[in-house]
Amino acid sequence: MSRSLKIISELNCLFPTFALGRGLFLSFFIALLFTPGIVWGEVEDPLPLCPASLRSDTPGFREIRRTCDFNRKRLPPCPVGQPSIDPYQLDWLNQPMLHARRRECAKEWTVIAFLAMNNDLNDFGEDDLGELAWGKALDREHRVDVLVEAAFRDRPGKRYVFEANLDSGRPSDVVVKDFRGIEHNTGDPKTLENYLEWAVEEFPARNYMIVIGGHGDGWAATVPKPAAAPNASSGRLGNGLARDDTFNDWLTIPDLKHVLTRVSNTYLGGSVFDVFAADACFMQQAEVAFELRNHANFIYGSIPVMAYQGLPYTELIRGFVEGKYDSPRTLAIDLPKLMLASYKDKNDRVYASTIDATVLREEFADSLLELGRAGSAWFEASADKIMDSFQMTSIISDTIQHQNSVVEFRDLLGKWEASLAAEEPRTAPLKTAIQKMRTTLERTMISHAYGDRYLPLRDRILGLSIWFPSSMASFRNFEEELSSSRLHSIDCKCSFGHLEPNAWGLFLRNIFTLKP
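Rules used throughout
Residues numbered from 1 in each chain as written. Predicted model: local features only at pLDDT ≥ 70, side-chain atom pairs only at ≥ 80, totals over all residues. Heavy atoms only, no water. Helix = DSSP H or I, 4+ residues; strand = E, 2+ residues; numbered from the N terminus. Buried < 20%, exposed > 50% of the residue type's maximum accessible area, 1.4 Å probe, protein only. Contact = heavy atoms within 4.5 Å. Axes fitted to C-alpha atoms, helices over the stretch in contact; angles between N-to-C directions. Left-handed = near helix turned anticlockwise from the far one by under 90°. Nonpolar A, V, L, I, M, F, W, Y, C, P; charged D, E, K, R; others polar. Pairing = 2+ DSSP bridges. Expected span 1.5 Å × (residues − 1).

(A) Highlighting the environment of Leu-368. Examined against the element boundaries, Leu-368 turns out to sit in helix α10 (residues 357–380). In this structure Leu-368 comes out as buried when scored by relative accessible area, which is 2%. In sequence terms Leu-368 and Arg-438 are 70 residues apart; their C-alpha atoms lie 9.9 Å from each other. Leave out the neighbours within four places in its chain, and Leu-368 touches Phe-409, Met-437, Ile-466, Leu-487 and Trp-504.

In C-alpha cells, the structure reads:
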C-alpha cells in the first residue's frame with residue numbers, strides 16, 4: 001500500500017466520519033501533491049530560533065511562530081546560580097516575583113507537578129506539596145525548577161513556584177495563581193493544558209518531567225462512569241486519572257494525549273516531553289502507555305493500587321539537586337527503585353515500573369498484531385472451538401488481575417504458552433508469536449520494582465498490564481471503550497466509516513463472541 005493510502009486508512013480508523021468526505025480529501029490531497037512550488041522529498045532548512053522575548057500573548061504570535069523555531073528546549077543555558085524567583089523584586093502584595101530573565105534561558109530540568117487532590121486523597125496531597133517544597137529548599141545552586149498546580153477538597157487550588165531561601169534554609173514560594181472563586185476542574189483537559197503552556201513558556205528547560213498525582217483508573221473503567229455534573233466536561237468515554245469530586249469528572253487518556261500534543265507542537269517544536277510519571281493507581285496499562293508513546297520518551301506508573309503516600313518527592317528533587325539525573329533515562333530507571341526504597345518496611349503494596357516509549361513506538365504494536373493474527377489462525381484451525389474458547393477464559397481466571405479484565409501481560413503470555421499442546425502443528429506459529437511478544441515486552445520495560453507482597457510472583461510479573469476480557473459479558477462491556485484506543489485501532493480495517501478491530505481485536509472478538 002502506498003504511503004498516501006496508508007494515511008487515508010489511518011484517518012478512517014481514528015475518525016470514522018472522515019470516510020464520508022474521503023472523495024473531497026482525495027481531491028485536495030492530489031491538488032496539493034502537484035501544487036507548483038512545493039518540492040517533495042527534500043528537507044527544508046531549519047528555522048532560526050525565535051527571540052526569547054516572543055510570548056504566546058504577543059500580538060501576531062501564531063504568524064510570527066511560523067517563521068522561526070519556538071522550541072523552548074533550544075534556548076541558551078541559564079547562568080549558574082540564577083534563581084527563578086527574584087527575592088528583591090516585589091509585587092503590589094509585597095510578594096517576590098518571577099525572575100525577569102528566566103524565560104530567556106533553559107535550565108537542565110523543570111519538574112511540572114499537577115496534583116489532583118480534590119477527593120479523598122486531600123491530606124496526602126498536602127503532604128506531597130510539602131515534600132516538593134522541602135526538596136526545592138535543598139537546591140542552593142538553583143539547578144532545577146519545581147512547579148506545582150494543586151487542587152484540594154477543603155481549600156481553593158493554587159499554582160506555585162518553589163525556590164530555596166538561601167538565608168533561612170527553608171523553602172520559599174510564589175503563588176502565581178489562586179483559584180479561589182475560579183472554576184478549577186482537574187478532569188477538564190483545558191485545566192492541564194493551560195498549566196503546561198504556562199510552565200513550559202515561563203520555565204524553559206532541556207528536559208521536562210511531568211507528574212500527575214491523584215486517583216487513576218487506567219483506560220478500561222472498573223465501574224461505569226457516573227453522570228457528569230452540569231459544568232463538567234462531557235461526551236468522553238471511560239475514566240482515566242486526575243479525578244475531581246466537585247465536578248464528578250476524570251481526565252481521560254485521549255484528552256491527556258491531545259493536551260501533550262498541542263503543548264509540544266506549540267512550545268517544543270514538536271519534540272516530546274522527557275519523562276511522564278503517573279503517581280496514581282492502575283496507570284501502567286498497555287493501552288494507556290501506547291496512547292502516550294509519541295508524547296514522552298519514558299513513562300512511569302503503577303499497575304495495581306498505588307500506595308497512598310505516592311512518590312517520595314523530597315528525595316526525587318534531591319536527585320536533581322545532587323546531579324544524579326544526568327539524562328532522562330537515568331531518572332526513568334531510578335523512579336521505581338526510588339519509590340520502593342522510600343517505603344522500607346511498608347513496601348508490600350509497592351509495584352511500579354518505567355517503560356521506554358521508543359520500543360513502544362517501533363516494536364510493540366507489530367508484535368501484538370502478529371500475536372493476534374497467530375491467535376486467530378490457531379483458533380480457526382481448532383477442531384473444538386468451544387473448548388479452546390473455554391481454555392482461554394480458564395487461563396485468564398488463573399492470571400494475575402489488577403482490575404476487571406486488566407491482567408499482568410507477562411503472566412498471560414506465560415500461561416498461554418504453557419497451555420498449548422506441544423504435539424499440535426497448529427500451535428507452532430502461535431508459540432513463536434508469544435515468544436516474540438515476550439521479548440518485546442522485556443525490551444519495553446527498562447525498570448521495575450516491587451514490594452514484599454509480590455516476591456512470590458516475581459517470575460510472573462514485569463510491569464505492564466493489558467486488557468483481556470474474562471468473559472463474553474466483559475468483552476461486550478468494554479469493546480466500544482477500548483476500540484477508541486490507538487492500540488486497538490492501529491492497522492484497522494475500515495469501510496464506509498465503519499471501524500473494524502485490528503488483528504488483536506479480531507482475535508479477542510473470535511474468542512469471546514463464539515456461538516455454539
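Having seen the model, we can carry on.
(B) Region of interest: the packing of helix α8 (residues 313–321) against helix α9 (residues 328–341). Close contact between α8 and α9 brings their axes to 11 Å; oriented N to C, the two are set at 150°. Here the hand of the crossing between α8 and α9 comes out right-handed. Of the residues in α9, those touching α8 at Glu-315, Leu-316 and Phe-320 are Leu-331, Leu-335 and Leu-338. Taken together, the residues of the contact of α8 with α9 sort by class into five nonpolar, no polar and one charged.

(C) Quick peek at the sheet that holds strand β16 (residues 465–467). Taken in spatial order, the three strands line up as β13-β14-β16 in an open sheet, and their pairing is antiparallel. What marks the edges here is a single partner per strand, and that holds for β13 (401–403) and β16. Along the sheet, successive strands turn relative to each other by an average axial angle of 35°, direction set aside. Sheet analysis places β13 next to strand β14 (residues 406–408), joined by two bridges and oriented antiparallel. Residue pairing in the sheet places Gln-401 in a bridge with Val-407 of β14. Strand contacts of helix α12 (residues 409–419): β14 and β16, with the helix running at about 75° to β14, the strand carrying the most contacts.

(D) Highlighting helix α6 (residues 253–267). Over its 15 residues, α6 extends 21 Å from the first C-alpha to the last, a length consistent with the 21 Å expected when each residue adds 1.5 Å. All of the buried residues along α6 are Ile-253, Asp-255, Leu-256, Lys-257, Val-259, Leu-260, Val-263, Ser-264, Thr-266 and Tyr-267. One or two positions beyond α6, positive phi appears at Gly-269, with a value near 60°.

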